Amino acid sequence: MSETSAAGAGTAQPLGMPAADFTSHQLREARAQAVSLAAKNERLVAALGTARERITELGQQLDAVTHPPVTLGLLTGRPRTRGAVGDTDDAADAARPREVAVSLSGRQMLLHVHPGVDDTELQVGRLVAVNDQMLVVATLPEPCTGEAVTLEERLDDARVLVTTGAGGTRILTLSSALRRISEAGEGLKPGDTLAADLRADVATTLIERTSVEQLVVAETPDVSWSDIGGLGPQIEQIRDALELPFTHPELFQTYGLRAPKGLLLYGPPGCGKTLIAKAVATSLAGSPSACGVTGRSAAFLNIKGPELLSKFVGETERQIRAIFDQARKAAAEDRPVVIFFDEMEALFRTRGTGVSSDVETMIVPQVLAEIDGVESLRNVVIIGASNREDMIDPAILRPGRLDVKIRINRPDAAAAEEILARHLTADLPLAPAELAAHGGDHAATAASLRRVVVETLYARNDATAVLEITEAHAAGGTSTRVLHLADLTSGAMLAAIVSRAKTASIKDELAGGAGGLSAARLRLAVETEARQNEEITGATTPEGWARLIGTRTSQILSVRRLGKEST
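Please read all numbers here as calculations on a predicted model, not as lab measurements.

## Things to note about the overall build of the protein
Working step 1: Along its length, the protein carries 18 helices and 19 strands.
Working step 2: Burial status across the protein gives 40% buried among its 567 residues.
Working step 3: Counting contacts in the protein only where the partners sit at least 6 residues apart, residues at least 24 apart contribute 65% of the total.

Structure, rendered in structure tokens:
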């Protein structure tokens, strides 16, 4: 027997014991199983955590679904303060629950306050949340809606007198926010608009409305009658109608006459209607009143008609009332007041002619009521201006309202020279060549230049021909005539011609030339201004051309611009 066999026989495995390699194998399997179980345990822990979070979320959703609703009320009274005057038992007062006055759907109730609500948040006028146990549990900001009321008078720090939309008078409590506003700056003023809860008798918010001061210009004009040229007959009519009753009321009373409430200026655009209205205010301010007072500042309320229109129902009527209220206040100070409605047809269109909505059915009655109310006022004159007088409601134009109606026509050659005398004066820089031609006489040179403008503008030749119109006459038949620049001239156009020549003179002087107004520059200005004048190209229909041209005895069938396609 070999030595190896003898050694193996000497180290034989004991009976009943596992081999060493088998034990190692089992140990490795046990360790792998432990790792697997640890991973499963971690996954189980994560799943349990997710399930716990989901259960919590579902619990919160269930609580939200089953949570009782809260009612919103308006806080009308501050909470009771501990240690107030009259309280003798401090311990009892400290134990007393806080209470506030709350209006719930119009019912005034005294409710307890949850301990978690801070006293500083409990302010009059704020919304509060009330749970099903009638406990105030939260506060919200003041409501921004409510019925609009007009402030009439402050009674004290906490109460105001207001007028409601129905015309009634109420006494309301100011919210805490409004009290802070009233104590700062200008505070609350009579006429301010407030949002209020009339069931709770609390005014909550100041409403910023469009101020009438943004729609009118209360100014003292500096335009006099001498600044207006070419309208002598019209000015005389206006002065007879307005100045005489104002300066000599005793004579009008003796003859049983009353002063006209207002007048209408109508005619083509750019012919001086607005200037006349300003001159009326200046003239009335310089005239002695019935008590002999002169030199009073006039209030000229220039109403911007299109801006007065509002999409909100009743807003335009409110602004019209505010305008007349402002006029009454100025008239009460013994100041002459002119209410000037420019583009009058934009506001007071004939009722029943609206395209999208008949807003004039409400605006016209409102202004009629205000005009009729002006009869008892002193120092108030209403002037309307329009180049579409056919669109104004006839009720406004009837006698007793706008009594005087004056047409402002286009200037003729003599009137045009008067208008130019206001713009082309002898004190302006004149061209040296023009002065030399008149012996250095500035007045003669300026008069000569004015005649050049008039002769150029009012010449009737092919160069000044503008339109060819075909008219139908009432007696039957048609006729065709040619209109020249003279037929479309306005005061605004004459002023623009002189301004254009002045600009050309300035540019020439800056370029090193002699500068000064000259006949050549004025002729060029006439040609340029005439061709660019918006009145000539403004009309697109026969009716529009009729108003532009001033034709009143015939109907325009067609208009053709000379040198252009027929319109």
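## Examining the sheet that holds strand 1 (residues 71–77)
Working step 1: Read around the closed barrel, five strands run 1-2-3-5-4, paired in mixed fashion. The mean angle between the axes of side-by-side strands here comes to 55 degrees, regardless of whether they run parallel or antiparallel.
Working step 2: For strand 3 (residues 107–113) and strand 5 (residues 135–140), the ladder comprises two bridges, and the chain directions are parallel. If you follow His112 over to strand 5, its bridge partner there is Leu135.

## Structural notes on the packing of aromatic side chains
Working step 1: Counted under the stated rule, the structure contains one aromatic pair.
Working step 2: Taken together, a centroid distance of 5.2 Å and an interplanar angle of 75 degrees make the contact between Phe341 and Phe348 edge-to-face. The exposure classification of Phe341 matches that of Phe348, with both residues buried.

## Concerning the confidence of the model for the protein
Working step 1: Summarising the model, the protein shows a mean pLDDT of 78, and 78% of its residues fall at 70 or more.
Working step 2: Below a pLDDT of 50 lies the segment residues 1–10, which in the model reaches zero contacts outside its immediate sequence neighbourhood of four places, other chains included.
Working step 3: Ignoring residues within four places in sequence, the model shows residues 82–89, a span with pLDDT below 50, making six contacts including any to other chains.

## With respect to the nonpolar core
Working step 1: In terms of nonpolar packing, the biggest core is built from 34 residues, with Leu424, Leu449, Leu457, Leu467, Ile497 and Leu517 touching the most fellow members.
Working step 2: Contributions of two or more residues to this core are made by helix 12 (413–423), helix 14 (442–458), strand 17 (465–473), helix 15 (491–510), helix 16 (519–532) and strand 19 (554–561).
Working step 3: Broken down by element, the residue count for this core peaks at seven residues, all from helix 14.
Working step 4: Those residues in contact with Leu424, other than ones at most four positions away along the chain, are Ala446, Leu449, Arg450, Val498, Leu517 and Leu522.
Working step 5: Counting residues in hydrophobic clusters, the runner-up holds 29 residues, among them Ala330, Met344, Ile392 and Ile396.

## Concerning the packing of helix 14 against helix 16
Working step 1: Two elements in contact, helix 14 and helix 16, have axes whose closest approach is 9 Å; the angle formed by their N-to-C orientations is 35 degrees. For the crossing formed where helix 14 meets helix 16, the hand is right-handed. Contacts between helix 14 and helix 16 involve Leu449, Val452, Val453, Thr456 and Leu457 from the former and Ala519, Leu522, Arg523 and Val526 from the latter.
Working step 2: In terms of residue class, the contact of helix 14 with helix 16 is made up of seven nonpolar, one polar and one charged.

## Examining unusual backbone geometry
Working step 1: Non-glycine residue Ser105 carries a positive phi angle of around 55 degrees.
Working step 2: Following the sequence through the fold, Ser105 ends up in the loop between strand 2 (99–104) and strand 3.
Working step 3: Judged by its relative accessible area of 62%, Ser105 is exposed.

## Some words on the environment of Gly267
Working step 1: Tracing the chain through its elements places Gly267 in the loop between strand 12 (262–266) and helix 7 (273–286).
Working step 2: On the basis of relative accessible area, Gly267 is assigned to the buried category, the value being 5%.
Working step 3: For the pair Gly267 and Asn409, spaced 142 residues apart in sequence, the C-alpha to C-alpha distance is 6.0 Å.
Working step 4: Those residues within four positions of Gly267 in sequence are excluded, and the remaining contacts are Lys273, Ser386, Asn387, Arg407 and Ile408.

## Structural notes on the packing of helix 15 against helix 16
Working step 1: Between helix 15 and helix 16, whose axes approach to 8 Å, the crossing angle comes to 130 degrees. Judged by the inter-axis angle, helix 15 sits oblique to helix 16. As helix 15 packs across helix 16, the resulting crossing turns out to be right-handed. Along the contact surface, helix 15 presents Met493, Ala496, Ile497, Arg500, Ala501, Ala504, Ser505 and Asp508, while helix 16 presents Arg521, Leu522, Ala525, Val526, Thr528, Glu529, Ala530 and Gln532.

## Details of the side chain of Ser386
Working step 1: Note that Ser386 resides in strand 15 (residues 380–386).
Working step 2: Leave out the neighbours within four places in its chain, and Ser386 touches Leu265, Tyr266, Gly267, Lys273, Met344, Glu345 and Ile392.

## With respect to helix 4 (residues 176–183)
Helical geometry note: an α-helix holds 3.6 residues per turn, so side chains three or four residues apart project in the same direction.
Working step 1: For helix 4, the set of buried residues is Ser176, Ala177, Leu178 and Ser182.
Working step 2: Tucked inside the fold, the buried residues of helix 4 contact strand 6 (147–154), strand 8 (169–174), strand 9 (193–197) and strand 10 (202–207).

## Observations regarding the pattern of salt bridges
Working step 1: Counted according to the given criterion, the structure contains six salt bridges.
Working step 2: For Asp119, the salt bridge identified is with Arg98, shortest N-O distance 2.3 Å. With Asp119 in the loop between strand 3 and strand 4 (127–130) and Arg98 in the loop between helix 3 (90–95) and strand 2, this pair connects stretches of sequence that are 21 residues apart.
Working step 3: Two residues, Asp201 and Arg170, come together in a salt bridge whose shortest N-O distance is 2.6 Å. Note that Asp201 is positioned in the loop between strand 9 and strand 10 and Arg170 in strand 8, a separation of 31 residues in sequence.
Working step 4: The class of Arg170 is partly exposed, set by a relative accessible area of 30%.

## A word on the environment of Ala332
Working step 1: Topologically, Ala332 is positioned in helix 9 (residues 315–332).
Working step 2: The class for Ala332 is exposed, based on a relative accessible area of 64%.
Working step 3: Taking C-alpha positions, Ala332 is 8.5 Å from Asn379, a pair spaced 47 residues apart along the chain.

Quick notes on the rules
- Residues numbered from 1 in each chain as written.
- Predicted model: local features only at pLDDT ≥ 70, side-chain atom pairs only at ≥ 80, totals over all residues.
- Heavy atoms only, no water.
- Helix = DSSP H or I, 4+ residues; strand = E, 2+ residues; numbered from the N terminus.
- Buried < 20%, exposed > 50% of the residue type's maximum accessible area, 1.4 Å probe, protein only.
- Contact = heavy atoms within 4.5 Å.
- Pairing = 2+ DSSP bridges.
- Axes fitted to C-alpha atoms, helices over the stretch in contact; angles between N-to-C directions.
- Phe/Tyr/Trp six-rings, centres within 6.5 Å; stacked < 30°, edge-to-face > 60°.
- pLDDT = per-residue confidence, 0-100.
- Core = buried A, V, L, I, M, F, W, Y, C linked by side-chain atoms within 4.5 Å.
- Left-handed = near helix turned anticlockwise from the far one by under 90°.
- Nonpolar A, V, L, I, M, F, W, Y, C, P; charged D, E, K, R; others polar.
- Parallel < 35°, antiparallel > 145°, perpendicular 65-115°, else oblique.
- Salt bridge = Lys/Arg side-chain N within 4 Å of Asp/Glu carboxyl O.

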